[in-house]
Amino acid sequence: MNWDDTRVFLAVQRERTLRRAAKVVNMDQATVGRRIAALEHALGATLFLRTSDGYVLTSAGENALRSAEKMEQSAHELARQAQGIDTRLEGEVRVTTTDTLALAFLIPAIERLHAEHPDVRVLLNTSTQMMNLARREADIAVRTIKPENPDLAARRLARWTVGLYASRTYLKRHGEPAVGTGFAGHDLVIYQPHTSGSRLPTLVGEPTHAGRLVSAVNSSLMLRATIRAGIAIGEVPVHLAERDGLVRIWPKRERAQPYEVWLVTHQDLRHTARVRAMIDAIVAEFEGSR
């Protein structure tokens, strides 16, 4: 099994369809299908079952998967080590973050980087999905969760208090909620992951049982936009709320967990010149906002 075939095999195993796998390996769907068929012929074994739920590994495929993942790990390690001694200030840097942090910090950081090193290109991915740095899906991640992988280098960029906010328009129309009423008579917007589970969500420690849930969103950017529009009350990191001109309700109360921002890269890549330059630009943007 050569590395090109391994990439195709792993893409099909992870994506479950030829169409999605083709996007991952940058091939057309027909080519991916032919590569899998050729690989199965070369190995003399059926690697996948074609089911209504997509491509599923056979027992032979499960055995091949272990070897393929070892091959992938070695290939990525080789690439990271080679890049780690790259002193050129040119080429691509892949960065992943959320839409909120991209607008507030990453785009200004790209502008800063481009002014100093115009031959460095930044591929920016904004998503709540965690990209895998060990698999080289990204070179740098700016996340709200500190990773546990010891091969990743993490630096905390920010630690912000989270408060309760509304727009001036909303407060003019509805007034402030009274503490201890469970937001009776008020409209609420909540970050979607906080609504999962059996427990009723709270905002800065206040139960929300008596409030009207207008929207549950999966993006903090959309949450802030909903609050700015005067639709509802919600939790926002203080630093970002002040940038938006929102009004803080109950200033002495805050969410138990602060909002943290971490810059993460692989140990092997942090000394690559273009990666280091992007890191420095990101750090400068966060330090300049304090």
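This text goes with the structure placed above it.
Parameters at a glance
Residues numbered from 1 in each chain as written. Predicted model: local features only at pLDDT ≥ 70, side-chain atom pairs only at ≥ 80, totals over all residues. Heavy atoms only, no water. Helix = DSSP H or I, 4+ residues; strand = E, 2+ residues; numbered from the N terminus. Contact = heavy atoms within 4.5 Å. Areas by Shrake-Rupley, 256 points an atom, 1.4 Å probe, with all protein chains shown as cover. Salt bridge = Lys/Arg side-chain N within 4 Å of Asp/Glu carboxyl O. Buried < 20%, exposed > 50% of the residue type's maximum accessible area, 1.4 Å probe, protein only. Axes fitted to C-alpha atoms, helices over the stretch in contact; angles between N-to-C directions. Parallel < 35°, antiparallel > 145°, perpendicular 65-115°, else oblique. Left-handed = near helix turned anticlockwise from the far one by under 90°. Nonpolar A, V, L, I, M, F, W, Y, C, P; charged D, E, K, R; others polar. Pairing = 2+ DSSP bridges.

A. Up close: the overall build of the chain. Per the secondary structure count, the chain includes nine helices and 14 strands. For the chain, the spread of C-alpha atoms along the three principal axes comes to 70 × 50 × 30 Å. Intrachain contacts of the chain at a sequence separation of at least 6 include 75% that bridge at least 24 residues. Surface accessibility of the chain: about 15,200 Å² in total, with carbon and sulfur atoms responsible for 48%.

B. Here's a closer look at the pattern of salt bridges. Considering all chains together, one arrives at 15 salt bridges under this definition. Arg 35 serves as the salt-bridge partner of Asp 5, at 3.1 Å between the closest nitrogen and oxygen. Residue Asp 5 is found in helix α1 (residues 3-15), and its partner Arg 35 is found in helix α3 (residues 29-43); the two are separated by 30 residues along the sequence. Residue classification places Asp 5 among the buried positions, given a relative accessible area of 17%. One salt bridge in this structure joins Arg 253 and Glu 206, with 3.3 Å as the shortest N-O distance. Within this pair, whereas Arg 253 is found in the loop between β13 (247-249) and β14 (259-266), its partner Glu 206 is found in strand β10 (residues 206-207), the two being separated by 47 residues in sequence. By relative accessible area, which is 24% here, Arg 253 ends up partly exposed. Each of the salt bridges in this network shares a partner with another, and the network as a whole consists of Arg 156, Arg 159 and Glu 260.

C. View of the packing of helix α5 (residues 99-116) against helix α9 (residues 273-288). The contact between α5 and α9 brings their axes to 8 Å, and the two run at 125°. Looking at the two axes, α5 sits oblique to α9. As α5 runs across α9, the sense of the crossing is right-handed. Touching Leu 101, Phe 105, Leu 106, Pro 108, Ala 109, Ile 110, Arg 112 and Leu 113 of α5 are Ala 277, Met 278, Ala 281, Ile 282, Ala 284, Glu 285 and Phe 286, all from α9. Taken together, the residues of the contact of α5 with α9 break down into 13 nonpolar, no polar and two charged.

D. Quick peek at the sheet that holds strand β7 (residues 162-166). Here we have three strands laid out as an open sheet, ordered β12-β7-β13, and antiparallel in their pairing. Both edges of this open sheet fall to β12 (234-237) and β13, since each of them pairs with a single strand only. Recorded for the sheet is a direction-independent mean angle of 60° between the axes of neighbouring strands. Pairing of β7 with β13 involves three bridges; the strand directions are antiparallel. Bridge pairing links Ala 166 to Val 247 in β13.

Shape is all these values report; function is a separate question.
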